[in-house]
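# Topology and contacts: notes
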Amino acid sequence: MKSAQIREAFFRFFEQNGHTQVASSSLIPANDPTLLFTNAGMNQFKDCFLGLEKRAYQRAVSSQKCVRAGGKHNDLENVGYTARHHTFFEMLGNFSFGDYFKRDAIHFAWTFLTSPDWLALPKDKLWITVYANDDEAYAIWADEIGVPKERIIRIGDNKGAPYASDNFWTMGDTGPCGPCSEIFYDHGAEVAGGPPGSAEEDGDRYIEIWNLVFMQFNRSADGSMDPLPAPSVDTGMGLERISAVLQRVHSNYEIDLFQSLLNAAAKVIGCTQQGQASLKVVADHIRSCSFLIADGVLPSNEGRGYVLRRIIRRACRHGHKLGARGAFFYQLAFALAKEMGAAYPQLIDQQAHIERVLQAEEEQFSKTLEQGLKILEQDLADLKGTEIPGETVFKLYDTYGFPYDLTADIARERGLTLDEAGFEREMDAQRERARAASSFGVDYTRLLKVEGTTDFLGYQQNAASGQVI
Ligand code: ATP
Ligand code: MG
Ligand code: MG
Ligand code: MG
């Protein structure tokens, strides 16, 4: 099944079970200033779960555009390293606003995954986790569904404070919260990694495909938990991960949708080597960048715009590593529109805009990328130890426009680390200089900036949101 067909099947299954299909919301959260980007299907329904908003339906199904490249969930560093993480992905989800609860949620998920009429996955490849003391969910999986007990794992017991584990979901410090149950797929013994809850769980053998959240309690400021009058359900399944399972490939990057992006990237860059991490990074990043621009984000020096800029510059650097010279990234917007435009027409409508924004950003950065890389090589040739000094990281940042994480990405490829404290000291010193200069009424730091090299004002904390950017 192609990813587009899986998305459709998901809608159909839940519509047949009384759910209303709701369109994906924008990547820029409409009602939550604490959130950098939409990172889950439930975001747009937050007020429904809180009881602040009533809708005409109590059951919803959606495929939500998500970006996890900053804030609480940040998978940027995983891209290119794991088989399962993207900066942009689609989260399929079904939701109950005070309607059905655990039993139905579990039965729906299992039926959709294993029924011969739907995805028909082999049952013995599926592993389940429940929250440590969630006997109710355990019993449903074991007794009603019939999953053998060796493949149902309680998570959370041994992780210290109650409700601090991965399998207990909270919306914030207070408010609705509750236990989770996750469904994992075993990709087989050829892949490294252990079952969920084991020391090796971070490998890519057992991949989490679906997370069911049972909103059951309301947590008050004093930490007490009272049962919610009408418990709710929020679920999320990564479309790319379930596509990999159904297409019998291990990595998300081998699914239909990514194959065409990888081919397009190799063609535009002029390299042939498939399977390279850098090519995957480029293919991943064209999705997050294009969707973010389509939703109104523009590259800038702070907040959401700086996250976008960082992703674009990372893509440029990886393209450069593969041999690209000059602007190449923007040309992939076409391939993406071709691949995903049917499901997301904004990619087609805004293709020209996306290309213009990307091309301008790339052209600006390509002027300094080459030079910055040369400087870095020189400094590395003299490096003693395995830590790149803060002054070098700062120089690359300030003069050549290398975001901190871009240098960190290069360092990681070579088994090196960055002197973060030293970099922060240089940043503080620069801010101090800027303050001193501006107290004379003229912002000398601005005057001193040379064309095209730096229009950076800071790697900093966003004062309004508190998000580290
Ligand atoms: P993981 O533990 O693998 O990082 P998660 O627990 O952080 O996943 P959830 O927040 O539970 O993920 O999101 C629900 C589902 O969305 C996951 O079960 C997975 O299928 C998918 N998903 C989460 N993060 C990503 C990502 N970065 N790229 C692709 N799919 C993802
Ligand atoms: Mg995660
Ligand atoms: Mg997880
Ligand atoms: Mg999860």
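Residues numbered from 1 in each chain as written. Chains lettered and ligands numbered in written order. Predicted model: local features only at pLDDT ≥ 70, side-chain atom pairs only at ≥ 80, totals over all residues. Heavy atoms only, no water.

### Structural notes on the environment of glycine 341
With respect to the helices, strands and loops of the structure, glycine 341 is situated in the loop between helix H9 (332-340) and helix H10 (346-349). Distance in space between the C-alpha atoms of glycine 341 and lysine 395 is 41 Å, their sequence separation being 54 residues. Ignoring sequence-local partners within four residues, the contact set of glycine 341 consists of Leu336, Leu347 and Ile348. (Helix = DSSP H or I, 4+ residues; strand = E, 2+ residues; numbered from the N terminus. Contact = heavy atoms within 4.5 Å.)

### So, the nonpolar core
Within the largest apolar cluster, 76 residues are counted, with the highest numbers of intra-cluster contacts made by Phe329, Leu358 and Phe402. Put simply, the parts of the chain that give this core at least two residues each are helix H6 (256-269), helix H7 (277-294), helix H8 (303-321), H9, helix H11 (351-381), helix H12 (390-400), helix H13 (404-413) and helix H14 (420-438). In this structure, phenylalanine 402 is in contact with Phe365, Thr368, Leu369, Gly372, Leu373, Leu396, Tyr397, Thr407 and Ile410, ignoring residues within four places of it in sequence. In this structure, Ile6, Phe10, Leu92 and Ile183 belong to the second largest nonpolar core, which totals 43 residues. (Core = buried A, V, L, I, M, F, W, Y, C linked by side-chain atoms within 4.5 Å. Buried < 20%, exposed > 50% of the residue type's maximum accessible area, 1.4 Å probe, protein only.)

### Things to note about the coordination of the magnesium ion (ligand 4)
Protein-derived ligands of the magnesium ion (ligand 4) are Glu208 (OE) and Asn211 (ND2), with the metal-ligand distances lying across 2.2 to 2.3 Å. A relative accessible area of 25% places glutamate 208 in the partly exposed class. (Donors = N, O, S within 2.8 Å, 3.2 Å for Na, K, Ca; no water.)

### Describing the site of ligand 1
Within the structure, ligand 1 sits among 14 residues, and Asp75, His85, Glu208, Asn211 and Arg241 are positioned closest to it. Isoleucine 209 places a polar main-chain atom, nitrogen or oxygen, 3.0 Å from an oxygen atom of ligand 1. Taking 590 Å² as the accessible area of ligand 1 by itself, protein coverage stands at 85%. It is strand E8 (residues 206-219) that provides the largest number of residues to the shell around ligand 1, a total of 4 residues. Classifying every residue of the shell around ligand 1 gives 4 nonpolar, 5 polar and 5 charged. (Near = heavy atom within 4 Å. Polar contact = N/O pair within 3.5 Å; in protein donor to acceptor, adjacent residues only side chain to side chain. Areas by Shrake-Rupley, 256 points an atom, 1.4 Å probe, with all protein chains shown as cover. Nonpolar A, V, L, I, M, F, W, Y, C, P; charged D, E, K, R; others polar.)

### Points about the pairing of strand E7 (residues 175-186)
Counting buried residues along E7, 12 of its 12 residues qualify, which places the element largely inside the surrounding structure. Judged from the 5 bridges that link them, strand E4 (residues 126-131) and E7 form a sheet pairing that is antiparallel. Paired with valine 130 across the two strands is serine 181, which belongs to E7. Counted between consecutive antiparallel strands, the loop separating strand E6 (residues 168-170) from E7 contains 4 residues. (Pairing = 2+ DSSP bridges.)

### Brief notes about the pattern of salt bridges
Using the criterion set out here, one finds 26 salt bridges in the structure. With a shortest N-O distance of 2.9 Å, aspartate 135 and arginine 154 are connected by a salt bridge. Pair noted here: aspartate 135 is in helix H4 (residues 135-145) and arginine 154 is in strand E5 (residues 152-155), with a separation of 19 residues, a long-range link. With a closest N to O distance of 3.4 Å, aspartate 409 and arginine 314 form a salt bridge. One end of the pair, aspartate 409, is in helix H13; the other, arginine 314, is in helix H8, with 95 residues separating them in the sequence. Residues aspartate 409 and arginine 314 agree in their burial class; the two are buried. Through salt bridges with shared partners, a single network forms among Glu77, Arg310, Arg314, Arg317, Lys321, Asp405, Asp409 and Glu413. (Salt bridge = Lys/Arg side-chain N within 4 Å of Asp/Glu carboxyl O.)

### Concerning unusual backbone geometry
Positive phi is not limited to glycine here, since alanine 120 has a value of about 55°. Mapped onto the elements of the fold, alanine 120 is located in the loop between helix H3 (102-114) and E4. Classification of alanine 120 as partly exposed rests on a relative accessible area of 41%. A positive phi is found at arginine 248, a non-glycine position, where the angle reads about 55°. Mapping arginine 248 onto the fold places it in the loop between helix H5 (239-246) and H6.

### Side note on the packing of H7 against H8
In the contact formed by H7 and H8, the axes pass within 9 Å of each other and the chain directions differ by 150°. Accordingly, the angle class assigned to the pair H7 and H8 is roughly antiparallel. In the packing of H7 onto H8, the handedness of the crossing is left-handed. Side by side, H7 and H8 meet where Ser278, Val281, Val282, His285, Ser288, Cys289, Leu292 and Ile293 of the first sit next to Leu308, Ile311, Ile312, Arg314, Ala315, His318, Gly319 and Lys321 of the second. (Axes fitted to C-alpha atoms, helices over the stretch in contact; angles between N-to-C directions. Parallel < 35°, antiparallel > 145°, perpendicular 65-115°, else oblique. Left-handed = near helix turned anticlockwise from the far one by under 90°.)

### What to know about the pairing of E5
The side chains of a regular strand alternate between the sheet's two faces. Of the strand pairs in this sheet, E4 and E5 are connected by 4 bridges, and their pairing is parallel. Bridge pairing in E5 places valine 130 opposite arginine 154. This β-α-β element, E4 to H4 to E5, shows right-handed connectivity. (Right-handed = clockwise from strand over helix to strand, strands pointing away.)

### Digging into the packing of H7 against H11
Helix-helix packing: each pair is described by the crossing angle between the helix axes and the interaxial distance. For the pair H7 and H11, the least separation of the axes is 9 Å and the interaxial angle reads 115°. By the angle class used here, H7 and H11 are roughly perpendicular. Every pair of crossing elements has a handedness; the one defined by H7 and H11 is right-handed. Facing Ile286, Cys289, Ser290, Ile293 and Ala294 of H7, the residues of H11 in contact are His353, Ile354, Val357 and Leu358. Within the contact of H7 with H11, the residues separate by chemical class into 7 nonpolar, 2 polar and no charged.

### Focus: the side chain of serine 290
Along the chain, serine 290 turns up in helix H7. Residues in contact with serine 290, not counting those within four places in the same chain, are Ala333, Leu336, Leu347 and Ile354.

### Quick word on the packing of aromatic side chains
Per the counting criterion, the structure on display carries 30 aromatic pairs. Pairing phenylalanine 14 with phenylalanine 108 gives two aromatic rings, centres 5.7 Å apart and planes at 80°, and the pair type is edge-to-face. Here the residue phenylalanine 14 occupies a position in helix H1 (residues 3-16), and phenylalanine 108 occupies one in helix H3, the gap between them amounting to 94 residues. Classification of phenylalanine 14 as buried rests on a relative accessible area of 0%. Within the aromatic cluster, the residues linked to one another by ring pairs are Phe10, Phe13, Phe14, Tyr100, Phe108, Phe112, Trp118 and Trp210. A cation sits over an aromatic face here: arginine 154 above tyrosine 138, 4.5 Å from the ring centre. Just above the ring of tyrosine 81 sits the side chain of arginine 412; from NZ or CZ to the centre is 3.5 Å. (Phe/Tyr/Trp six-rings, centres within 6.5 Å; stacked < 30°, edge-to-face > 60°. Lys NZ or Arg CZ within 6 Å of the ring centre and 35° of its normal.)

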